[in-house]
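# Remarks on the overall topology
What follows is each chain in one-letter form.
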Amino acid sequence: MSASPLLRFDQVSIHLGGREILSPTSFEVARGEFVCIIGPSGCGKTTLLRAAAGFLQPSGGAALRHGKPITGPSREVAFVFQDYGRALLPWRTVAGNISLALEAAGVPAQERPDRIAKVLDTVGLSAHAAKFPVQLSGGMQQRVQIARCLAQEPELMMMDEPFGALDAMTRESLQDEVSRLVQSTGLTVLFVTHDLEEAIYLSDRVIALRANPTPDKPSLAAMVEVKIPRPRDQLLTKEHPEFLRLRRELYGFLGHH
Amino acid sequence: MGLPHLLRPWVFPAVLLGLLEVAARWMVPGSDALAPPSQTVLAFGRALTAQGDDSVLQATAFTLTSAALGLLLGAALGLGLGIVLGLSRRAAAMGFLSIEVLRPVPSVALIPLAMLVFGFGYRMEVSVVAFATFWPLLILTQAAVRQVEPQLLEVARALGLSPWARTTQIVLPAMVPRLFIALRLGVSIALVVAVTVEIAANPSGMGYAMMIAQQSLAPDLMLAWLFWIGVVGYVINLATLRLQRAVAQRMGEINMEQTP
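Since this is a predicted model, take the numbers as computed values, not measurements. Within each chain, residues carry numbers counting from 1 in the order of the written sequence. As they are written, the chains are lettered A onward and the ligands numbered 1 onward, keeping that order. pLDDT decides what is reported in this predicted model: residues at 70 or higher carry local features, side-chain atom pairs at 80 or more are listed and counted, and totals for whole chains, interfaces and linings draw on all residues regardless.

## Considering the overall build of chain B
- Looking only at helices and strands, one finds ten helices and zero strands in chain B.
- Going from the N terminus to the C terminus, chain B shows its helices and strands as α-α-α-α-α-α-α-α-α-α.
- In terms of overall dimensions, chain B has a C-alpha envelope of 75 × 60 × 30 Å along the principal axes.
- Any residue surrounded by 20 or more other C-beta atoms within 10 Å of its C-beta is treated as buried, while 12 or fewer makes it exposed and the intermediate range makes it partly exposed; C-beta atoms here are placed from the backbone. In chain B, which comprises 260 residues, the share counted as buried stands at 34%. Only DSSP runs of H or I reaching four residues or more are called helices, and only runs of E reaching two or more are called strands; each is numbered from the N terminus.

The following block contains the structure:
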């Protein structure tokens, strides 16, 4: 069992509406790894993430989790959507939104309050349990969504540009929070972003995709290890020589030439 | 300066009633169609204290019960079928022809059939009201299901909610604002159709009482009933609005004013 990686893409290609979004792409994600996918808009990074989560089937190749084909969404895989405003139930309180994950997993009603309190504490929202999403800031709403995913107790968390719509300050504090969380729980994360610094700062490995793949220029443009020690720091890490080197190396893939 | 704020909405009705009083008393005295408002009020007072089938209380209760039962039946069926047709493209394709053929049938055209099947009384009136309210509820529910935020359905998939939980926890609550629009439409249709059935056929309720007043050449009583039916409709509409606000409040002040 331990021989098969948590997630494996074997020559996965995806066509949508007759267009090749993703040319055959192979990579693996090991347990406990934090992998970021970057690329210019339209490069298929969200599509790749959705295929890995089981929302859509590859047109070719095989997407495998623990060596088995991914046929649909699983409770073992949590998905943090970019648009937190539309991913939370506006008619449920913060606690109620988190409860939804527990209800789906069939957790008995009497066990739910404790587990809700636990994840709310983890994301620092204990004081806001009874509030409705509209009463919270964007950063807090995204925290609720992350808490709901944690309540699912997944082994793999997919994050689709989760901080893209937030202001810089909130984004940085959420990056640190997610880093801390992942380190303490051993969660495996596949994280899509178009922010190069965010990708390097967060990950153990960065996968860069390019848009409009051709046979001699496939979707997978580069794959680099990020060997910068953890815990990382918004100031020190971003001045680290390795950070600067990777930034320079990957810069061209984001449409800057 | 001017009138106190609270009195302003009453100016126009007061002027209108005054003119009506003048017209009925001095321009067409002894008319079979018009009665002065003062006499209408007196006639209404007599009807209030009357006993038996034509008492205000009994007639009002009959009409409201029929309208409510009919709406309940029509809304339950329309809601249930609308959810199925909204969730499943295949079901919608199968039902399309039958719906488009049956829907344009005017509900009051069903009165003769309903009379043959059920005779006079509650059942025939309830069935016609149910038919009339079923269609708008069906169509609006179906549209409301299709307009449920797709991202929420994806959240449901990602969390692994069962189809039943997806319907009751995501689809239904997400539809509530649009369902209230459908419900308010259904309420007004139910009242209109119930009174129509009573005017046309069913010998009970407010519509029938108004017809009797007209046929016994008592325009004051007829106008009293007309006014009363208006008051009842207004109160019911107000109650539905209150209900809508209470539900919105419980659901975190979700936006109820979006258009369907």
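Continuing now.
## Considering the overall build of chain A
- From N to C terminus, chain A includes eight helices and ten strands.
- Counting across all 257 residues of chain A, residues that qualify as buried make up 41%.
- Once local pairs closer than 6 in sequence are excluded, the contacts in chain A between residues at least 24 apart make up 68%. Here, residues touch in the contact sense if the C-beta positions derived from the backbone fall within 7 Å of one another.

## Quick word on the interface of chain B and chain A
- Listed as interface residues are 16 residues of chain B and, on the opposing side, 20 residues of chain A.
- Elements that contribute at least two residues to the side of chain B that touches chain A include exactly helix H7 (150-159) and helix H8 (163-200) of chain B.
- For the side of chain B that touches chain A, the element with the most residues is H7 of chain B, which contributes seven residues.
- Only Asp, Glu, Lys and Arg are considered charged, only Ala, Val, Leu, Ile, Met, Phe, Trp, Tyr, Cys and Pro nonpolar, and every remaining residue, Gly among them, polar. Looking at side-chain class alone, the side of chain B that touches chain A contains nine nonpolar, four polar and three charged residues.

## Side note on the packing of helix H9 (residues 205-215) of chain B against helix H10 (residues 219-250) of chain B
Residue and element names in this part refer to chain B.
- Between H9 and H10, the shortest axis-to-axis distance is 8 Å and the interhelical angle comes to 160 degrees. On the basis of their axis angle, the class for H9 and H10 is roughly antiparallel. Of the two elements, H9 crosses H10, and the hand of that crossing is left-handed. For the pair formed by H9 and H10, the contact residues are Met 206, Ala 209, Met 210, Ala 213 and Gln 214 on the first element and Leu 221, Met 222, Trp 225, Leu 226, Trp 228 and Ile 229 on the second. All axes here are fitted lines through C-alpha atoms, helices being fitted over the stretch that makes contact, and every angle between N-to-C directions spans 0 to 180 degrees. Here the word oblique covers every angle except those under 35 degrees (roughly parallel), over 145 (roughly antiparallel) and from 65 to 115 (roughly perpendicular). Whether a crossing is left-handed or right-handed is set by the direction in which the near helix is turned from the far one by less than a right angle, anticlockwise for left-handed and clockwise for right-handed.

## Quick word on helix H3 (residues 94-104) of chain A
- For H3 of chain A, the buried fraction is high: nine of the eleven residues fall into the buried class.
- Listed as buried for H3 of chain A are Val 94, Ala 95, Asn 97, Ile 98, Ser 99, Leu 100, Ala 101, Leu 102 and Ala 104 of chain A.
- In this structure, the buried residues of H3 of chain A make contact with helix H4 (112-122) and helix H5 (138-151) of chain A together with H7 and H8 of chain B.
- Of the residues trailing H3 of chain A, Gly 106 of chain A is marked for its positive phi of about 75 degrees.

## Considerations on the pairing of strand S3 (residues 34-38) of chain A
Residue and element names in this part refer to chain A.
- The buried count for S3 comes to five of five residues, which makes it a mostly enclosed element.
- Of the two faces of S3, the one lined by Phe 34, Cys 36 and Ile 38 and the one lined by Val 35 and Ile 37 are each fully buried.
- DSSP-based pairing: two strands are paired if at least 2 bridges between them are found. Here S3 pairs with strand S8 (residues 188-192) via four bridges, running parallel. By the bridge assignment, Cys 36 is partnered in S8 with Phe 191.
- Here S3 runs beside strand S9 (residues 205-209); their pairing, made up of four bridges, is parallel. In the strand pairing of S9, Ile 37 is matched with Ile 207.

## Considering the environment of Arg 205 of chain A
Residues and elements named next belong to chain A.
- In this structure, Arg 205 sits in strand S9.
- With 119 residues separating them in the primary sequence, Arg 205 and Arg 86 have C-alpha atoms 30 Å apart.
- Apart from residues no more than four positions distant in its own chain, Arg 205 is found in contact with Glu 33, Val 35, Met 223, Val 224, Glu 225 and Val 226.

## Considerations on the sheet that holds strand S5 (residues 68-69) of chain A
Residue and element names in this part refer to chain A.
- Across the sheet, four strands lie side by side as S2-S1-S4-S5; this open sheet has antiparallel pairing. Each having just a single partner strand, strand S2 (19-29) and S5 make up the two edges of the open sheet.
- In the sheet, strand S4 (residues 60-65) pairs with S5 via two bridges, with the strands oriented antiparallel. In the strand pairing of S5, Leu 64 is matched with Pro 69.

## Some words on the sheet that holds strand S6 (residues 77-80) of chain A
Residue and element names in this part refer to chain A.
- On the basis of which strands lie adjacent, the open sheet formed by six strands has the order S6-S7-S8-S3-S9-S10 and mixed pairing. Taken across any chain shown, the strands that pair with only one partner, and hence form the sheet edges, are S6 and strand S10 (220-225). Geometrically, the sheet is characterised by an average inter-axis angle of 15 degrees between neighbouring strands, direction not taken into account.
- Together, S9 and S10 form the strand contacts of helix H8 (residues 241-251), whose direction differs from that of S10 by roughly 175 degrees.

## Details of the nonpolar core
- Put simply, a nonpolar core is buried Ala, Val, Leu, Ile, Met, Phe, Trp, Tyr and Cys residues tied into one set by C-beta atoms within 7 Å. Ile 98, Ala 147 and Met 158 of chain A together with Val 129 of chain B are the most contacted members of the largest nonpolar core, which totals 130 residues.
- The element that contributes the greatest number of residues to this core is H8 of chain B, accounting for 16 residues.
- Every residue in contact with Ala 147 of chain A, bar those within four places of it in the chain, is listed here: Ile 98, Val 119, Leu 120, Thr 122, Val 123 and Leu 125 of chain A.

## A word on the environment of Phe 118 of chain B
All names here are of chain B.
- Note on placement: Phe 118 falls in helix H5 (residues 111-118).
- Assessed through the 16 C-beta atoms surrounding it within 10 Å, Phe 118 is described here as partly exposed.
- As for Phe 118 and Ala 132, which are separated by 14 residues in sequence, their C-alpha atoms are 17 Å apart.
- Not counting chain neighbours up to four residues away, the residues in contact with Phe 118 comprise Arg 123, Met 124 and Ser 127.

## Describing unusual backbone geometry
Residues and elements named next belong to chain A.
- Residue Pro 231 follows Arg 230 across a cis peptide bond; omega there is -5 degrees.
- Located in the positive-phi region is Gln 11, a residue other than glycine, with phi close to 50 degrees.
- By the secondary structure assignment, Gln 11 is in strand S1 (residues 7-16).
- The class of Gln 11 is exposed, set by 12 C-beta atoms lying within 10 Å.
- One non-glycine residue, Asn 212, adopts positive backbone phi at about 45 degrees.
- Secondary-structure assignment places Asn 212 in the loop between S9 and S10.

## A look at the pairing of S4 of chain A
Residues and elements named next belong to chain A.
- The pairing of S1 with S4 spans five bridges and is classified as antiparallel. Its bridge partner being in S4, Arg 8 is matched across the sheet by Leu 64.
- Hairpin connection of S4 to S5: two residues between the antiparallel strands, including His 66 at a positive phi of 50 degrees.

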